[in-house]
Amino acid sequence: MVLACCQKNTGMSHQTAVKKEVFGTMPDGREVKIFTLANRNGLEARVTEYGAILVSVKTPDKSGKSADITLGYDTLDGWLTNTSYFGATVGRFGNRIKDGKFTLDGREYTLATNNDPGGIPCHLHGGVTGFDKVLWSGKPTDENGVEFTYLSKDGEEGYPGNLSVKVTYSLTDADELIWEATATTDAPTIVNIVHHTYWNLSGDLSASINDHVLTLNAPSYLPTDAGLIPTGEIATVAGTPMDFTTPQPIGVRVDDDFEALKHGGGYDHAWVLEKGTGVRLAARVKDPKTGRVMEVLTDQSAVQFYGGNFLDGTATGKGGVNYAHRTGLCLETEGFPDSPNKPSFPSPVLRPGETYRHVMIHRFSAE
Ligand code: GLA
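Now for a description of the structure that goes with this document.

Scoring rules and cut-offs
Residues numbered from 1 in each chain as written. Predicted model: local features only at pLDDT ≥ 70, side-chain atom pairs only at ≥ 80, totals over all residues. Heavy atoms only, no water. Helix = DSSP H or I, 4+ residues; strand = E, 2+ residues; numbered from the N terminus. Rg over C-alpha atoms; globule rule 2.2 N^0.38 Å. Buried < 20%, exposed > 50% of the residue type's maximum accessible area, 1.4 Å probe, protein only. Contact = heavy atoms within 4.5 Å. Areas by Shrake-Rupley, 256 points an atom, 1.4 Å probe, with all protein chains shown as cover. Lys, Arg positive; Asp, Glu negative; His and termini not counted. Charge placed at Lys NZ, Arg CZ, Asp CG, Glu CD. Salt bridge = Lys/Arg side-chain N within 4 Å of Asp/Glu carboxyl O. Pairing = 2+ DSSP bridges. Core = buried A, V, L, I, M, F, W, Y, C linked by side-chain atoms within 4.5 Å. Near = heavy atom within 4 Å. Polar contact = N/O pair within 3.5 Å; in protein donor to acceptor, adjacent residues only side chain to side chain. Nonpolar A, V, L, I, M, F, W, Y, C, P; charged D, E, K, R; others polar.

1. Looking at the overall build of the chain
Consideration 1: In terms of regular secondary structure, the chain is built from two helices and 28 strands.
Consideration 2: Computed over C-alpha atoms, the radius of gyration of the chain comes to 19 Å, within 12% of the 21 Å expected from 2.2 N^0.38 for 367 residues, which places it in the range of a compact globule.
Consideration 3: Each principal axis of the C-alpha distribution contributes one length, and for the chain these read about 55 × 45 × 40 Å.
Consideration 4: For the chain, the residues scored as buried account for 56% of the 367 residues in total.
Consideration 5: Partitioning the intrachain contacts of the chain with sequence separation of at least 6 by distance along the chain shows that 64% fall at a separation of at least 24.
Consideration 6: Summing over all exposed atoms, the chain offers an accessible surface of approximately 14,100 Å²; the carbon and sulfur share of this is 50%.
Consideration 7: Averaging the locations of the 33 positively and 45 negatively charged side chains of the chain gives two centres separated by 3 Å.

And the structure:
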């Protein structure tokens, strides 16, 4: 059911429309909306109030054929079963925190240990009911976009401070999908809000991403222990299978006998981006078959490149596809994992009066 259609003049000759529809209802009966963004080049992105999730992205390949290039589900009921963070806005702290504990201003906080890679419990992606599993409030913006807001209450999932969060998605006629998160707090807290879409640029969501060619603008990465917690070392990628400073097919070295790859079961690490200021290029990925290219730009210090190693075919998604091992890849721009426990890492602390801001741009093309 189409609820509304918000016409907007974005230029002399072009009009865009954000379409708002009912997607379904939460188990407690609350209504969930879905919004469709489209641009003049035939790109389409759908986003929902549930988890501020990016539901789908349709882009043309080099022959003009359009396909959905994101893993996920066809219906809200499917999304409610999402345990892989497909498309999600993840928080309050995306990525891992060692032992689910951190100390802030002399007080220790205990968070859920909802993940245990290598059999070692840790806190992952905001906890049991993170930002990916709550209902946000969405409304169209003037920028061919949608703004989602959520108030994460003091104590929610163990985090201190009432955190007021805003996430916007905008689709430009330059084929950029812009995701931006901002947050303010009324008490000191930690913040690392992360966008977690799984991409498969082939548009065939049953195909491996190992033939995708990846470039990371990152001279170093964060080695981890067996529980995927950074050791604190910042290691050069030079001479290792972690070196994506030049374009490399993902699958060529993914199973190399290299400690980091053993711990991650493949690529699942934070790469430290080339130093710089403002929004800059972090990653470029290309599917050689369809010619689709996606560039990721950000203002953050790191990107977690996760190659879908935990996908095991048990989740049945769009069109009945079972998402098999390494059929989607994530490029999660962010601050450093476990930074609340690592004084040498950039601080994730947000204090009253400050504004957390994270910009992530996905730029699509085909060649
Ligand atoms: C992140 C992590 C992975 C995995 C996925 C979700 O990308 O780095 O280890 O937990 O989320 O399955």
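Alright, that's what it looks like, and here's the rest.
2. A look at the pattern of salt bridges
Consideration 1: Inspection of every chain in the model, using the stated rule, returns 19 salt bridges.
Consideration 2: Close ionic contact of Glu21 with Arg46 constitutes a salt bridge, the shortest N to O distance being 3.1 Å. Of this pair, Glu21 sits in strand β2 (residues 15-25) while Arg46 sits in strand β4 (residues 44-48); the two residues are 25 residues apart in sequence, bridging distant segments of the chain.
Consideration 3: Under the relative-accessibility criterion, Glu21 is labelled buried at 13%.
Consideration 4: Where Lys289 meets Asp211, a salt bridge forms, and the shortest distance between an N and an O atom there is 2.6 Å. With a gap of 78 residues between them, Lys289 in the loop between β23 (280-286) and β24 (292-298) and Asp211 in the loop between β17 (194-196) and β18 (213-216) connect regions that are remote in the sequence.

3. Examining the sheet that holds strand β12 (residues 137-140)
Within a sheet, each strand pairs with its neighbour through backbone hydrogen bonds, oriented either parallel or antiparallel.
Consideration 1: With antiparallel pairing, nine strands are arranged side by side in an open sheet as β12-β13-β14-β15-β28-β24-β23-β18-β21. Each edge of the sheet is formed by a strand with only one pairing partner; in this case those strands are β12 and β21 (248-249).

4. As for the nonpolar core
Consideration 1: In this structure, Leu216, Trp271, Phe305 and Leu331 are the most contacted members of the largest nonpolar core, which totals 58 residues.
Consideration 2: Among the elements that line this core, the one with the most residues is strand β14 (residues 163-171), at five residues.
Consideration 3: In this view, Leu331 contacts His195, Leu214, Leu216, Ala283, Val285, Met294, Val296, Val303, Gln304, Phe305 and Met360; residues no more than four positions away in its chain are not counted.
Consideration 4: Residues Val55, Tyr73, Tyr198 and Tyr323 belong to the second largest nonpolar core, which totals 25 residues.

5. So, the site of the ligand
Consideration 1: In the vicinity of the ligand, the residues found are Ser84, Tyr85, Arg96, Leu124, His125, His196, Tyr198, Asp268, Gln304, Tyr306, Phe310 and Glu332.
Consideration 2: Within the side chain of His125, one N or O atom sits 2.9 Å away from an oxygen atom of the ligand.
Consideration 3: Interatomic distance of 2.9 Å between a side-chain N/O atom of His196 and an oxygen atom of the ligand.
Consideration 4: Protein chains shield 94% of the accessible area of the ligand, which is 300 Å² for the free molecule.
Consideration 5: Tallied by class, residues from the shell around the ligand come to five nonpolar, four polar and three charged.

Remember that the coordinates give geometry; whether it matters functionally is a separate question.
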